[in-house]
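Next come the chains, spelled out residue by residue.
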Amino acid sequence: MSKLSLHFPFILLHRLKRSMLSLLFSLPTSFFALLLLLLLSYNAFTVFSVHVPKNRKPLLLPSPPTLSNLSSPHNPPPFNDTHFPLLPNTTQSFSLSAKSRRVRKHKRGLRSLRSEPNSPFSLFRARLKAFFDNSSCKLRFFMTWISPLKEFGERELVSVESLFKSHPEACLIIVSKSLDSHLGTQILKPFVSNGFKVMAIAPDFGYIFKDTHAEAWFNRLKEGNVNPGEVSLGQNLSNLLRLALLYKFGGAYIDADVMVLKSFSKLRNTIGAQNFDATTGKWSRLNNAVLIFDKRHPLLFKFIEEFALTFDGNKWGHNGPYLISRVVARVSGRPGFNFTVLPPSAFYPVDWRGIRGLFIDQVRSKWLVTKMDQIRKESFAVHLWNRHSRKLRVVKGSIVDSIISSCCIFCNT
């Protein structure tokens, strides 16, 4: 076979390509523009059209709950239940992400206030029982300390001194993670060495809250189903702890910035008013910095119930002083709730707005001289409102200076 016959098909194909190209190049430019327009139109139609197959049930998604279909299940929903979403539903993924962040925040807060692991045996219970059994306590006092150990300073130690100066036969339990440590033991050692009955113990929330409304609330908190809010979780747990401790054991609770001036031995089931309405002759707000109650008192039960049902972590005081005020206003006068509300002079002779005046020289003001005289006659204790006074310097000759001198135990050490 000749070489020409072998290459003939390739020559023919090459000529055919050249003929087609010549034909295409001979066409006018407007033809190409028309062809391109048709292609774009077809592409737009296929992209933006929605095809619903015949003989197939539409996708039904449940409608979100509204006030109408919550209050009456027979009301029709305000919109059609048939949806063809163009984008994936991001609401659920967002809520799950927010929940995971909330859970992490819970865990950080809970780690800062150590609790024993779930166990049939509670070390907290055993230690507390041994402490009470080995101590002849004429009155039980409780404190909570949620801050780092380094912040338990001179003012807090003076508070403990004032307590034992007025109640040398009392027992004091400080429920605290940071103080229940080797360094915490060293801080409290001077009291123990001098025969005073004081112990710091880390909380076992499971045991303390058991069989109260606080138990279910705390379990939801651990599961991440309670929003802790912007207010310190430790502060709100302290608000709940004091109520549960008094409910389970009975006694007196005081904040670590309360200076005790007189014996509480004659006080029973007592709360102090923070503000007093001179026009009506009634209190306008109570406070929970000092509480004195019998074991399992029904008012404490109501306080704990209110905490669990109305918890709000975004409002300062909502779960503390305001809670106490709300519940007492509701139950006042009802049978079975026997308690006493003392006037502000008992524990809060000045409120947070006037606390600065107790730190300056009393000689300069007739008001301060009168206030000091009132405190000596009427006050069982003085709340120093640490949040507003922690940075204030105690001036020699001031009311606070006089209080510290009068309740000092280790003055010469």
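Definitions and cut-offs
Residues numbered from 1 in each chain as written. Predicted model: local features only at pLDDT ≥ 70, side-chain atom pairs only at ≥ 80, totals over all residues. Heavy atoms only, no water. Helix = DSSP H or I, 4+ residues; strand = E, 2+ residues; numbered from the N terminus. Buried < 20%, exposed > 50% of the residue type's maximum accessible area, 1.4 Å probe, protein only. Contact = heavy atoms within 4.5 Å. Core = buried A, V, L, I, M, F, W, Y, C linked by side-chain atoms within 4.5 Å. Disulfide = S-S within 2.5 Å. Axes fitted to C-alpha atoms, helices over the stretch in contact; angles between N-to-C directions. Parallel < 35°, antiparallel > 145°, perpendicular 65-115°, else oblique. Left-handed = near helix turned anticlockwise from the far one by under 90°. Nonpolar A, V, L, I, M, F, W, Y, C, P; charged D, E, K, R; others polar. Lys, Arg positive; Asp, Glu negative; His and termini not counted. Salt bridge = Lys/Arg side-chain N within 4 Å of Asp/Glu carboxyl O. Polar contact = N/O pair within 3.5 Å; in protein donor to acceptor, adjacent residues only side chain to side chain.

(A) Representation of the overall build of the protein within the structure. When you go through the protein residue by residue, the secondary structure sums to 15 helices and nine strands. Going through the 413 residues of the protein one by one, you find that 41% of them count as buried. Pairs at least 24 residues apart make up 79% of the contacts formed inside the protein by residues separated by at least 6 positions.

(B) Region of interest: the nonpolar core. Of all hydrophobic cores here, the largest spans 50 residues; its most connected members are Leu172, Ile174, Ile254, Phe264 and Phe347. In terms of residues, this core owes the most to one element, helix α6 (residues 154–166), which gives four residues. If we skip the residues at most four places from it in the chain, Phe347 touches Phe264, Leu267, Thr270, Ile271, Gly272, Val290, Ile292, Leu342, Phe380, Ala381, Val382 and His383. Ile201, Phe205, Ile208 and Ala214 belong to the second-largest nonpolar core, a separate cluster that totals 49 residues.

(C) Layout of the state of the cysteines. The full count for this structure, using the stated rule, is one disulfide. Across the disulfide, Cys137 is cross-linked to Cys171 (sulfur-sulfur distance 1.7 Å). Judged by the sign of its S-S torsion, about -75 degrees, the cystine formed by Cys137 and Cys171 is left-handed. With a gap of 34 residues between them, Cys137 in the loop between α5 (123–133) and β1 (140–144) and Cys171 in strand β2 (residues 171–175) connect regions that are remote in the sequence. Exposure remark for Cys171: the relative accessible area of 0% places this residue in the buried category. Here Cys407 stays unpaired: no disulfide links it, and the sulfur of Cys408, its closest cysteine neighbor, is 7.3 Å away.

(D) Geometry of the packing of helix α11 (residues 298–310) against helix α12 (residues 321–331). At a minimum axis separation of 10 Å, α11 and α12 run at an interaxial angle of 120 degrees. Viewed along their axes, α11 and α12 adopt a mutual orientation that is oblique. Handedness of the crossing formed by α11 with α12: right-handed. Residues Leu299, Lys302, Phe303, Glu306, Phe307 and Thr310 of α11 lie in contact with α12, whose contacting residues are Leu323, Ile324, Arg326, Val327, Val328, Arg330 and Val331. Considering only residue class, the contact of α11 with α12 consists of eight nonpolar, one polar and four charged.

(E) View of the side chain of Lys248. Relative to the helices and strands, Lys248 is located in helix α10 (residues 233–249). In this structure Lys248 is buried but unpaired, with Asp211 as the nearest side chain of opposite charge at 5.3 Å. A polar side-chain atom of Lys248 sits 3.4 Å from the main-chain carbonyl oxygen of Lys210. Contact partners of Lys248, with chain neighbours within four places excluded, come to Tyr207, Ile208, Lys210 and Lys295.

(F) Inspection of the packing of α10 against α11 at higher detail. Here α10 crosses α11 at 150 degrees, and the two axes come no closer than 9 Å. Classified by the angle their axes make, α10 and α11 are roughly antiparallel. Viewed along their axes, α10 and α11 form a crossing whose handedness is left-handed. Contact residues: Asn236, Asn239, Leu240, Leu243, Ala244, Leu246 and Tyr247 in α10; Leu300, Phe301, Phe303, Ile304 and Phe307 in α11. Here the residues of the contact of α10 with α11 sort into 10 nonpolar, two polar and no charged.

(G) Quick look at the pattern of salt bridges. As enumerated under the stated definition, the model contains 12 salt bridges in all. The partner of Arg268 in a salt bridge is Asp294, and the shortest N-O contact between them spans 2.8 Å. Highlighted residues: Arg268 in the loop between β5 (258–260) and β6 (270–277) and Asp294 in the loop between β7 (282–293) and α11, separated in sequence by 26 residues. By relative accessible area, Arg268 is classed as exposed at 59%. Its relative accessible area of 27% is what places Asp294 among the partly exposed residues. Close ionic contact of Asp373 with Lys377 constitutes a salt bridge, the shortest N to O distance being 3.3 Å. Here Lys377 and Asp373 lie together in helix α13 (residues 366–378), a separation of four residues that amounts to about one turn. Within this structure, Glu306, Arg326 and Arg330 form a network of salt bridges that share partners.

Taken by themselves, the reported measurements are silent on function.
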